[in-house]
Amino acid sequence: MRPAYQALAEGIRLLIHDGRAPLGVALPSERDLAAVLEVSRTTITSAYALLREHGYLISRQGSRSTVALPRDVHYDGRPARSMLPMPVAPELSTVDMTYAAMAAPPQMHDAYSAALEGIRSYLDTHGMDPVGVLVLRAAIARRYTARGLPTEPSQILVTLGAQHGMRLLLNALVTPAASVLIDHPTYPHAIEAIRDAGARPVPVPLRPEDPARGWDLDGIRSAARQTAATLAYLVPDYNNPTGLLLDAAGRAELAAIARDTRMTIVVDESMVDLGLGEDDPPPPVAAFSRGADIVTIGSASKSFWGGLRVGWIRTNQPLITKLLSIRSAVDLGTPVMDQLATVHLLEFADQILVRRRNQLRAQRAALLDALAEQLPDWRVGVGAGGMSVWARLPAPVSTALAATAPNHGVLLAAGPRFGVQGAFERFVRLPFTHPESDLRLAVKAIGSAYSALSSRAAEPLTCY
């Protein structure tokens, strides 16, 4: 049996790799932690010394020890050099698991055929509409109203996808060095957008192991107050990558937090149509606003096709006016053909989405079955929907695994892509958007890569 101090040090180390103990945070004093854990102070001192020896703590005289990563673990929030795809042997058939998106549905051809007919009435105009064509804004507004959030077309701004909408909002709502709260883990391109705007993403950990309480609402409230954050970016509808869904009570509490802290919440609903459970999803977060400042962004990319670069922002008229003034320096509007194609797809959305959800359920089942067979010691969190599962590895080797996986026939996005400050080295996102045969092939390749992996990060902390 390992000594108590070594077990404690190992536990703290895993919290650091999982993102539960953010870098730079001061750990409790030795006296306080010993009292809480009801162990001797010597145990705490020895655990801290072991962590310090391995580079997981930094201590300065007169202050508490702060969380760090060893010098041989480098991650700046963007893909590290070791995460770039390695050359693949030509005889290998490679499955790309770095993206979560599906092929276009059969109705896509009809959608563009209808758009080609409908565009006739726009050809005698200049064709540039930064707000979006009225017929699409009306269709989007009707879908919000049907979901329990009364909406007028004037509250909709059509964008070039949800990511474009996010960048417009950041330019309008944040100042350099501002704090922006985020789910942790979350969509990696949102983290990049926040950084590119000169702001600082502040992580609030999710609890994938407890779907009923996935969001730490007390943590969001506390972080908003401590950091004076004026903006939060959250994905409560089938969070990417975990698939977690925030329930109605949690949405009401989230709106209350926004009111109490005077913080604007940007809710990303890109995955909202991809619920894979039996129950109907709760109303949009903005339906609980009651005066809270809640902005919603959506997209046709996940519901229909990634190549359809159409998204939208639902908000108030003053903010739309401000966004339009910013947009004019970036682009002059979303292509009319794509907007009209989206109108057709929304008209037949129920038919299309039933088929796509059934397809995703079957593919998720195939992925889970293959993981249980090939990697039984991995713990796989299954959310209420979305396009991926969040798998927990026995050791913090996600980046190393992503680096070696191409040699075995699969491309992976390492866990730290979905967090900040080097978190989630013990996790990997596994999309189930490929055909079942490809998913089984991918898991077999992942198993081969994992078996061949050798990393210092996988070794337990030991004394020298």
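You'll find the structure just up there.
Criteria and thresholds
- Residues numbered from 1 in each chain as written.
- Predicted model: local features only at pLDDT ≥ 70, side-chain atom pairs only at ≥ 80, totals over all residues.
- Heavy atoms only, no water.
- 1 Å grid on protein atoms, 1.4 Å probe; cavity = no way out; pocket = protein on both sides within 12 Å on 5 of 7 lines; lining within 4 Å.
- Points joined across faces, edges and corners; volume = space filled by probe spheres on them.
- Helix = DSSP H or I, 4+ residues; strand = E, 2+ residues; numbered from the N terminus.
- Nonpolar A, V, L, I, M, F, W, Y, C, P; charged D, E, K, R; others polar.
- Buried < 20%, exposed > 50% of the residue type's maximum accessible area, 1.4 Å probe, protein only.
- Pairing = 2+ DSSP bridges.
- Phe/Tyr/Trp six-rings, centres within 6.5 Å; stacked < 30°, edge-to-face > 60°.
- Contact = heavy atoms within 4.5 Å.
- Salt bridge = Lys/Arg side-chain N within 4 Å of Asp/Glu carboxyl O.
- Axes fitted to C-alpha atoms, helices over the stretch in contact; angles between N-to-C directions.
- Parallel < 35°, antiparallel > 145°, perpendicular 65-115°, else oblique.
- Left-handed = near helix turned anticlockwise from the far one by under 90°.

Asker: Hey, could you run me through empty space enclosed by the protein in this one?
Answerer: Using a probe with the size of a water molecule, rolled over the atoms, empty space left in the structure can be pinpointed. The full count for this structure, using the stated rule, is two cavities of 30 Å³ or more. Lining the largest cavity are 13 residues, with Arg143, Arg147, Val272, Asp273 and Trp312 positioned closest to its centre. When contributions to the lining of the largest cavity are tallied by element, the ones reaching two or more residues are helix H5 (134-146) and strand S9 (294-299). With three residues, the single largest contributor to the lining of the largest cavity is H5. Residues belonging to the lining of the largest cavity are distributed by class as follows: six nonpolar, three polar and four charged.

Asker: Help me understand the pairing of strand S4 (residues 156-159), please; the structure alone is not making it clear to me.
Answerer: Taken residue by residue, a regular strand's side chains alternate between the two faces of the sheet. In S4, alternate side chains face the same way, and those of Ile156 and Val158 on one face and Leu157 and Thr159 on the other are all buried. As paired strands, S4 and strand S10 (residues 311-314) are joined by four bridges and run antiparallel to one another. Looking at S10, one finds that Ile156 is bridged to Arg314.

Asker: I'm lost on the packing of aromatic side chains in this one. Help?
Answerer: Here a ring pair, both rings aromatic, is described through the centre-centre distance and the interplanar angle of the planes. Under the defined criterion, the tally for this structure stands at five aromatic pairs. Judged by centre distance (5.7 Å) and plane angle (75°), the ring pair of Trp390 and Phe418 falls under edge-to-face. Here the residue Trp390 occupies a position in strand S12 (residues 388-392), and Phe418 occupies one in the loop between strand S13 (410-411) and strand S14 (427-431), the gap between them amounting to 28 residues. In this pair, the class of Trp390 matches that of Phe418, namely buried.

Asker: Sorry, what's going on with the environment of Ile156 here?
Answerer: If you trace the backbone, Ile156 turns up in strand S4. Look at Ile156 and you get buried, because its relative accessible area is 1%. When the C-alpha positions of Ile156 and Gly132 are compared, they lie 8.2 Å apart, and in sequence the two are 24 residues distant. If sequence neighbours within four positions are ignored, Ile156 has contacts with Val131, Arg137, Ile140, Ala141, Tyr144, Thr151, Trp312, Ile313, Arg314 and Ile320.

Asker: Could you clarify how one ought to interpret the pattern of salt bridges in this entry?
Answerer: It is possible for side chains bearing opposite charge to pair when their charged atoms get close. Per the counting criterion, the structure on display carries 12 salt bridges. Arg221 is the partner of Glu253 in a salt bridge, and the nearest nitrogen-oxygen pair spans 2.6 Å. Taken together, the positions of Glu253 in helix H9 (residues 248-261) and Arg221 in helix H8 (residues 217-227) put the pair 32 residues apart, joining distant regions of the chain. For Glu253, a relative accessible area of 29% gives the class partly exposed. Taking relative accessible area as the criterion, Arg221 reaches 15% and is therefore assigned buried.

Asker: I keep staring at unusual backbone geometry and nothing clicks. Help me out?
Answerer: Negative phi characterises most residues that are not glycine, and trans characterises most peptide bonds. Look at the link from His184 to Pro185: it is a cis peptide, with omega at 15°. Here Pro185 shows up in the loop between strand S5 (179-184) and helix H7 (188-196). In this structure, Glu38 takes a positive phi of about 60° despite not being glycine. Checked against the element boundaries, Glu38 lands in the loop between helix H2 (30-37) and helix H3 (41-53). For Gln421, which is not a glycine, the phi torsion comes out positive at approximately 60°. On the accessibility criterion, Gln421 (33% relative accessible area) is partly exposed.

Asker: Looking at this model, I keep getting lost on the pairing of S12. Mind explaining?
Answerer: A large share of S12 lies buried, amounting to four of its five residues. Relative to S12, strand S11 (residues 379-381) runs antiparallel, the two sharing three bridges. Paired with Val380 across the two strands is Ala391, which belongs to S12. The loop that links S11 with its antiparallel partner S12 comprises six residues; one of these, Gly386, has a positive phi angle of about 90°.

Asker: Before we go on, may I ask you to explain the packing of H2 against H3 in this structure?
Answerer: Two elements in contact, H2 and H3, have axes whose closest approach is 8 Å; the angle formed by their N-to-C orientations is 120°. As summarised for this structure, H2 and H3 are arranged oblique, according to the angle between their axes. Every pair of crossing elements has a handedness; the one defined by H2 and H3 is right-handed. Between H2, through Glu30, Arg31, Leu33, Ala34 and Leu37, and H3, the contact on the second element is made entirely by Arg41, Ile44, Thr45 and Tyr48. Along the lines of polarity and charge, the residues of the contact of H2 with H3 split into five nonpolar, one polar and three charged.

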